[in-house]
Amino acid sequence: MSASKPKVAFYWCASCGGCDEAIVDLAEDILGVVDAVDIVMWPCAMDFKRADLESMPDKSIVATLLNGAIRSSEQEEMARLLRRKSQYLLAYGACAQLGGIPGLANQFSREDLLNYIYEAAPTVVNESKIRPQLETEEKGHPLSLPELRGMVRALDQVVEVDYYVPGCPPTPQITKAAVGALLQGKLPAKGSVLAPDIALCDQCPRKATKPADVKFTGFKRPHLTETDPNECLLAQGILCMGPATRGGCEALCPRGGMPCTGCFGPTSRVRDQGAKMLSSICANMAAKEEKEIAQVLVGIPDPVGTFYRYGLPKSLLRRKVSLDYS
Amino acid sequence: MNTAAQQVWNEGNRNANARALQRRRFTIDPITRLEGHGKIEIFLDDQGDVEHAYLQIPELRGFEVFSRGRPAEDMPQITSRICGVCPTAHHMAATKALDDLFQVEPPPAARKIRELVYNAFMIEDHALHVYLLGGPDFIVGPDAPKEQRNVVGVVQKVGIEVGKKVISMRRRLRELIAYFGGKVIHPVLGLPGGVYDGLLRVVDFEGKEYAKFAARQYADFIAEHVETWSYVKFCYLKPLGWHGFEESATGSIYAVAPLARLNVAEGMATPNAQKAYEEFFSILGAKPVHHTLANHWARIVEMIYAAERMLELVNDPEITHRKIREIPKAKPRSGIGVVEAPRGTLFHHFETDDQGLITKANLIVATQNNAARIAMSVDKAARGLIKKGQINEGLLNMVEMAFRAYDPCFGCATHALPGHVPLQVNIYDRKRRLLRQLIQS
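Counting starts from 1 at the beginning of each chain's written sequence and moves along it residue by residue. Here every chain gets a letter starting at A, and every ligand a number starting at 1, in the order they are written. Side-chain atom pairs in this predicted model are given and counted only at pLDDT of 80 or more, local residue features only at pLDDT of at least 70, and totals for whole chains, interfaces and linings cover all residues.

1. Looking at the overall build of chain A
Logical step 1: If you tally the helices and strands in chain A, you get 11 helices and nine strands.
Logical step 2: In this description the radius of gyration comes from C-alpha coordinates, and the expected globular size is given by 2.2 Å times residues to the power 0.38. By the compact-globule yardstick of 20 Å for 326 residues, chain A fits well, its C-alpha radius of gyration being 22 Å. Helix and strand labels come from DSSP, where a helix needs a run of H or I of at least four residues and a strand needs a run of E of at least two; each type is numbered from the N terminus.

Take a look at the structure:
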């Protein structure tokens with residue numbers, strides 16, 4: 001390891017590893033990254049341990065790209081540790097930026113979660129109702145586990161974040177641009193999302209057929225519908241999150257024949273992605289009577305999962321009232 | 001080594017051993033070069049030998065719970081977020097569960113496209129393990145410095161040209177998946193309309209068939225056991241009951257993944273893979289093979305099959321047929337899908353209301369099937385490798401190699417020499433701050 005190269009860390013919390021694969025997907029370009037920086041932490045691909053990180057001076061890492069939401073006490077500790085060791089901390093990917101799909105767990109209590117997983121699930125055999133314990137002794141050996149907190153949080157709900165790289169996962173282009181900006185010191189204002197600040201529709205090849213004033217008369221579920229491969233999905237009655245979602249992915253899902261589900265989060269002009277989409281649907285609803293409106297809503301059987309699939313922890317809704325923070 | 005260096009070396013060894021004895025506990029945190037989180041706690045006895053080593057999984061996200069109330073057709077995309085390294089496996093298992101749920105059979109072209117995507121995924125995912133995750137232990141060396149024991153070291157060792165070839169091959173395979181699936185990490189191609197064409201087969205320690213069952217019967221054969229010290233649940237064969245972490249010919253703990261697959265298979269369906277399969281068993285001896293590290297080799301045999309099968313599929317005129325959808329008409333109720341993921345058998349089970357909203361989800365993921373074996377293999381490797389408090393980074397990595405292979409590591413445990421001179425000694429204080437590092441020249 002040379003002293004002159006900037007140090008970079010990759011770390012994961014409540015995540016799936018897809019963000020780490022997204023780094024690997026830099027493919028040939030990763031060789032350039034490896035030449036330009038010293039990677040000092042990357043559990044998915046390298047053998048540096050927590051102790052290595054702890055022994056480094058504060059602020060000695062130029063940038064940490066942290067993916068995953070924060071669910072456990074250990075993830076909280078690691079986020080704090082990496083914050084302390086890093087000059088820049090980037091929330092990398094939808095889970096770190098917004099809470100992500102694991103954030104949907106905020107609709108349920110921790111007890112719901114533990115009860116189903118360890119007792120009620122159909123294949124579990126657990127007559128004595130054993131649960132994982134924070135402190136336990138096994139054959140005389142003390143063992144401990146991190147605590148699962150009452151709710152899932154985005155990274156900036158735990159520590160200060162300098163920049164956000166959106167996506168589930170971020171695309172190689174977005175990642176390359178973010179790493180390039182970091183290494184060349186060409187960074188925008190602190191707190192920026194490092195992706196184009198335009199709606200997804202502006203990058204969608206189906207945009208030409210998006211009606212100026214769409215009138216929603218109902219929504220169809222994708223598995224029950226044959227769709228036209230070129231026409232705007234909203235115009236075909238398929239709920240597509242494009243209008244409320246930031247571009248930058250080049251509209252991968254609509255190109256693949258499926259609607260946008262919103263993984264890049266909102267643009268800078270939108271406070272709450274789900275509320276934005278809801279208001280846009282309400283404004284363009286053909287039906288005016290309550291009964292007709294209810295009929296249209298039948299096509300959206302899971303509003304939270306539709307409008308807040310990646311952003312529940314950061315949304316205005318946040319969490320079930322009865323959930324505690326601890 | 002000169003005399004002064006030797007003295008420093010010996011003193012370092014004595015200090016390290018004294019501290020090890022004093023503390024009697026070593027932690028590998030986090031375990032690395034895998035998908036997911038884990039740590040290993042190693043406890044030593046008064047002689048500095050291993051009493052027990054535990055691999056603990058420190059987290060839980062709870063997909064089964066927060067799937068409730070969601071439309072079933074969203075499951076291929078939601079469950080792919082269980083794992084972004086093998087999203088295609090979850091995507092396909094969920095899609096097959098939807099086929100079952102909505103009682104719809106996809107047209108032949110759709111099935112072939114799915115199979116093509118899945119085989120492309122099988123190659124690139126196994127290649128990830130060979131070059132990035134497990135491979136560095138063999139290509140660079142199990143006790144190489146940790147700065148080199150990774151993909152960067154692999155590229156240095158094999159040369160930039162070979163490195164680029166592998167990277168480019170993986171990139172192109174992943175582009176192919178993105179072409180068919182919209183996205184490569186978390187694809188969006190799967191809608192109900194495939195069937196699982198096969199039965200699950202379990203063989204015993206001698207290779208005799210113990211059971212053969214359909215995906216629908218999975219709950220009769222597989223059960224999950226809970227321990228206090230890990231968030232992971234440990235699978236076992238339900239009819240045999242849970243008897244603890246016991247290695248025995250009659251035990252209920254079983255294995256999945258490449259080696260297990262080759263052990264239950266009668267052969268491979270493509271010519272070069274069949275040759276590789278025969279070579280595998282002729283060199284390693286009688287079938288079934290129980291050497292854990294043979295998983296790495298088995299992975300290569302499977303890559304050859306996947307590549308050959310891709311070639312067959314792209315040359316099949318039927319794959320370009322325009323009909324690739326079958327719109328479901330039946331009322332949904334319950335659907336079970338199973339695939340052989342790169343890391344083992346993967347079950348998705350969904351139950352819904354009349355609207356197709358999930359009322360109950362149960363997922364048995366590949367690594368969970370292997371969880372008990374992995375725990376045992378880590379313990380066994382630690383016992384075999386660590387003697388008289390002699391611990392170094394290379395040895396600890398060899399303990400990690402036990403989980404990397406996904407099976408008990410007989411190779412490590414029986415072939416490493418206990419007490420051999422370490423290449424590098426890290427001495428930590430009680431707070432795990434690095435006090436001193438000694439490296440053998």
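2. Describing the interface of chain A and chain B
Logical step 1: Between chain A and chain B, the contact holds 73 residues from the first and 78 residues from the second.
Logical step 2: Those elements that provide at least two residues to the side of chain A that touches chain B are α1 (18-24), α3 (50-54), β4 (70-72), α6 (110-120), β6 (135-138), β7 (141-144) and α8 (252-255) of chain A.
Logical step 3: Broken down by class, the residue content of the side of chain A that touches chain B amounts to 41 nonpolar, 15 polar and 17 charged. It is the C-beta atoms, placed from the backbone, that decide contacts: two residues are in contact if theirs lie within 7 Å. Charged means Asp, Glu, Lys or Arg here, nonpolar means Ala, Val, Leu, Ile, Met, Phe, Trp, Tyr, Cys or Pro, and polar covers whatever is left, Gly included.

3. As for the packing of helix α11 (residues 271-284) of chain B against helix α12 (residues 294-314) of chain B
Residues and elements named next belong to chain B.
Logical step 1: Angles here are taken between N-to-C directions and fall from 0 to 180 degrees, while the axes themselves are lines fitted to C-alpha atoms, restricted in helices to the stretch in contact. Packing of α11 against α12 leaves a shortest axis separation of 8 Å and a crossing angle of 165°. Put simply, α11 runs roughly antiparallel to α12. In this structure, α11 crosses over α12, and the sense of that crossing is left-handed. The residues of α12 that touch α11, namely those facing Asn272, Ala273, Ala276, Tyr277, Phe280 and Leu284, are Ala294, Trp297, Ala298, Val301, Ile304, Tyr305 and Glu308.
Logical step 2: Of the residues that constitute the contact of α11 with α12, the class distribution is 11 nonpolar, one polar and one charged. Oblique is the label for any angle not covered by the other classes, which are roughly parallel (under 35 degrees), roughly antiparallel (over 145) and roughly perpendicular (65 to 115). Each crossing gets its handedness from the near helix: less than a right angle anticlockwise from the far helix is left-handed, clockwise is right-handed.

4. Focus on the domain arrangement of chain A
Logical step 1: With domains assigned, chain A is organised as domain 1 (7-101 + 151-184), domain 2 (108-149) and domain 3 (200-307).
Logical step 2: Summarising the inter-unit geometry, the C-alpha centres of domain 2 of chain A and domain 3 of chain A are found 40 Å apart. Domain boundaries shown here were taken from an automatic or database domain assignment.

5. Focus: helix α8 (residues 160-181) of chain B
Residue and element names in this part refer to chain B.
Logical step 1: Multiplying 1.5 Å by the residue count of a helix minus one yields the expected span of that helix. Its 22 residues give α8 an end-to-end C-alpha distance of 31 Å, which sits within 8% of 32 Å, the value for a rise of 1.5 Å per residue.
Logical step 2: Those residues of α8 not exposed but buried are Ile167, Arg170, Leu173, Arg174, Ile177 and Gly181. Buried residues of α8, seen end-on, are gathered within an arc of 130° and therefore sit on one face of the element. In α8, the exposed positions that point more than 90 degrees away from the buried face belong to Ile160, Glu161, Lys165, Ser168, Arg172 and Tyr179.
Logical step 3: Close packing links the buried residues of α8 with α4 (87-101) and α5 (108-133).
Logical step 4: Just downstream of α8 lies glycine 182, where phi reads positive at about 80°. Between the buried cut of 20 or more and the exposed cut of 12 or fewer other C-beta atoms within 10 Å of a residue's own C-beta lies the partly exposed class, and all C-beta atoms are placed from the backbone. For this quantity, the arc is that covered by the directions from the helix axis to the C-beta atoms.

6. Here's the deal with unusual backbone geometry
Logical step 1: Note that the residue after cysteine 168 of chain A, namely proline 169 of chain A, is joined by a cis bond; omega there is -5°.
Logical step 2: The residue proline 169 of chain A is located in the loop between β9 (163-165) and α7 (172-184) in this model.
Logical step 3: The linkage connecting lysine 287 of chain B with the following residue, proline 288 of chain B, adopts the cis geometry, with an omega of 0°.
Logical step 4: Residues other than glycine seldom take positive phi values, yet glutamine 103 of chain B does so here, at roughly 45°.
Logical step 5: Note that glutamine 103 of chain B resides in the loop between α4 and α5.

7. Comments concerning the sheet that holds strand β9 (residues 344-352) of chain B
Across a sheet, paired strands are connected by hydrogen bonds in the backbone, their directions being either parallel or antiparallel.
All names here are of chain B.
Logical step 1: When DSSP finds two or more bridges between two strands, those strands count as paired. Ordered in space as β8-β9-β10, the three strands form an open sheet in which the pairing is antiparallel. Either end of the sheet is taken by a strand with one partner, and the two such strands are β8 (334-341) and β10 (358-364). Across the sheet, the mean angle from the axis of one strand to that of its neighbour is 10°, orientation sign disregarded.
Logical step 2: Relative to β9, β8 is paired through eight bridges, and the arrangement is antiparallel. Bridge pairing in β9 links valine 338 to phenylalanine 347.
Logical step 3: Contacts from α4 reach β8 and β9, with the element oriented near 150° to β8.
Logical step 4: Set on the sheet, helix α13 (residues 366-385) makes contact with β8, β9 and β10; between it and β9 the angle comes to about 125°.

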